[in-house]
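Coordinate analysis (summary)
Spelled out from the first residue to the last, the chains are:
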Amino acid sequence: MSQAKASAPAKIILFGEHFVVYGNPAILAAIDKRISVHARTLFHNDDKIVIRSDIGVAGEYKQNGDFFNLLEGGVEAKAVLDPLCGAVMQVLSTRNEKKVGIEVSILSNVPLGIGLGSSAASCVATVAAVDLLFEKNTSRQHVCEIAIESERQIHKRTSGADCYVSTFGGLIQYQGKSKSFEKIETKRSLPLVVASTGIKHKTSDLVIAVNRFKEENKTVFDSLAEQARDICSQAWAAIESGNGDRIGELMNENQILLQQIGISHERVHDIINICNKAGAIGAKITGAGGGGAIVALASSKLESIKIASQLKEAGYPSFEVEIDYKGLSA
Ligand code: MEV
């Protein structure tokens, strides 16, 4: 095949971010915002990898990795492009394809750098699209593993949770220790709202900051990690039984733990206050934090519309999200 397409969803973390890096469980959901990737072979440039994204970055690489030419974007562009080039190179190496040029074009409707997993979804969809060029079917598990390796280029300690939920979709509990997951069934829909603080972050920087906190406060961190584990196991039960009020309370408890490890922000607190006043039953950071995004749970679809509209009135970009049960589509 000379052209192929794939897409993968963004994600929210409902419970357990950061602690999952140290082997704890986390509860995540894929959401109805996607990254789409179009891959094609370059017949006249068999040693080139070209990556373009509609977020305004593009670059070309030589396959031996010793040449990079920035085609579009500023100083930050290379950090966005490198893992994607890494994803292409990994697929080529797994396929034992040495003499094929590849161009990858990425279309995103996922807000960037606020903890919604745009980088993981880009890696997952890129691996799947490039792999499809070689026609033999690859399992989702294999796509996910290559995507995690690629993400590791910019986020060394990645737990793998984001790539898993983007690949397999749905609502899952991811086990940081065994790098495995289980789907969670729920008796009620979860009317969720995501709001952006407008403050972008690098996940790897925040993970490093939390690691520093852990090293300097071992006993405190161990106790917080134990509480996070307990919250996750109670949250699973509350989600399964459809107990919205309990899910909300546990989200609020999880937020306190995230504040204690130092990744919250005054704009996060402002957003959470607005959510609470608008009737949210729980609200917390989702993802790496340090600004980023928050997720709030409403008691009904109507209430979630009200919460999103009050956040927008206060100047915070916000939207309601649905859970995506499809995951990777290729
Ligand atoms: C980032 O979306 C989630 C973190 O827990 C990091 C990770 O799991 O790799 C902060």
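Residues numbered from 1 in each chain as written. Predicted model: local features only at pLDDT ≥ 70, side-chain atom pairs only at ≥ 80, totals over all residues. Heavy atoms only, no water.

1. Re a negative patch on the surface
Together, Asp 222, Glu 226, Asp 230 and Glu 253 make up a region of like negative charge exposed at the surface. With three residues, the single largest contributor to the negative patch is helix α6 (residues 218–241). Here Asp 222 shows up in helix α6. (Patch = residues over 30% accessible without salt bridge, like charges linked within 9 Å, V, L, I, M, F, W, Y side chains within 5 Å. Areas by Shrake-Rupley, 256 points an atom, 1.4 Å probe, with all protein chains shown as cover. Salt bridge = Lys/Arg side-chain N within 4 Å of Asp/Glu carboxyl O. Lys, Arg positive; Asp, Glu negative; His and termini not counted. Charge placed at Lys NZ, Arg CZ, Asp CG, Glu CD. Helix = DSSP H or I, 4+ residues; strand = E, 2+ residues; numbered from the N terminus.)

2. Side note on the sheet that holds strand β11 (residues 293–297)
Taken together, the four strands give an open sheet; going across it, the order is β10-β11-β9-β12, and neighbouring strands pair in antiparallel fashion. Among the strands making up the open sheet, the edge pair consists of β10 (282–286) and β12 (318–321). Recorded for the sheet is a direction-independent mean angle of 25° between the axes of neighbouring strands. Helix-sheet contacts for helix α9 (residues 301–313) involve β9 (192–196) and β12, and the interaxial angle to β12 is about 160°. (Pairing = 2+ DSSP bridges. Axes fitted to C-alpha atoms, helices over the stretch in contact; angles between N-to-C directions. Contact = heavy atoms within 4.5 Å.)

3. Some words on the site of the ligand
What surrounds the ligand is a group of 13 residues, the closest being Lys 11, His 18, His 155, Ser 159 and Asp 162. Interatomic distance of 2.9 Å between a side-chain N/O atom of His 155 and an oxygen atom of the ligand. Side-chain polar atom of Asp 162 to an oxygen atom of the ligand: 2.8 Å apart, as the coordinates give it. When the free accessible area of the ligand is taken as 300 Å², the share hidden by the protein chains comes to 98%. If you list the elements that add at least two residues to the shell around the ligand, you get β1 (3–15) and α5 (203–216). Taken together, the residues that form the shell around the ligand break down as five nonpolar, five polar and three charged. (Near = heavy atom within 4 Å. Polar contact = N/O pair within 3.5 Å; in protein donor to acceptor, adjacent residues only side chain to side chain. Nonpolar A, V, L, I, M, F, W, Y, C, P; charged D, E, K, R; others polar.)

4. Quick notes on the nonpolar core
Formed by 113 residues in total, the largest nonpolar core has its most connected members in Ile 12, Leu 14, Phe 15, Ile 27 and Ile 51. For this core, the element with the highest residue contribution is α6, accounting for ten residues. Ignoring anything within four residues of it in the chain, the contact list for Leu 14 reads Ile 27, Leu 28, Leu 171, Leu 190, Leu 192, Met 251, Asn 254, Lys 284 and Val 295. (Core = buried A, V, L, I, M, F, W, Y, C linked by side-chain atoms within 4.5 Å. Buried < 20%, exposed > 50% of the residue type's maximum accessible area, 1.4 Å probe, protein only.)

5. Points about the pattern of salt bridges
Tallied over the full model, the rule gives 15 salt bridges. A salt bridge links Lys 78 to Asp 82; its shortest N-O distance comes to 3.0 Å. With Lys 78 and Asp 82 both in helix α1 (residues 77–94), this residue pair falls four residues apart, about one helical turn. Given the relative accessible area of 35%, Lys 78 is considered partly exposed. Of the charged contacts, one joins Lys 301 and Glu 320 as a salt bridge, the two residues approaching to 3.2 Å between their closest N and O atoms. Residue Lys 301 is found in helix α9, and its partner Glu 320 is found in strand β12; the two are separated by 19 residues along the sequence. Judged by its relative accessible area of 42%, Lys 301 is partly exposed.

Interpretation note: all reported values are geometric properties and have no functional meaning in isolation.
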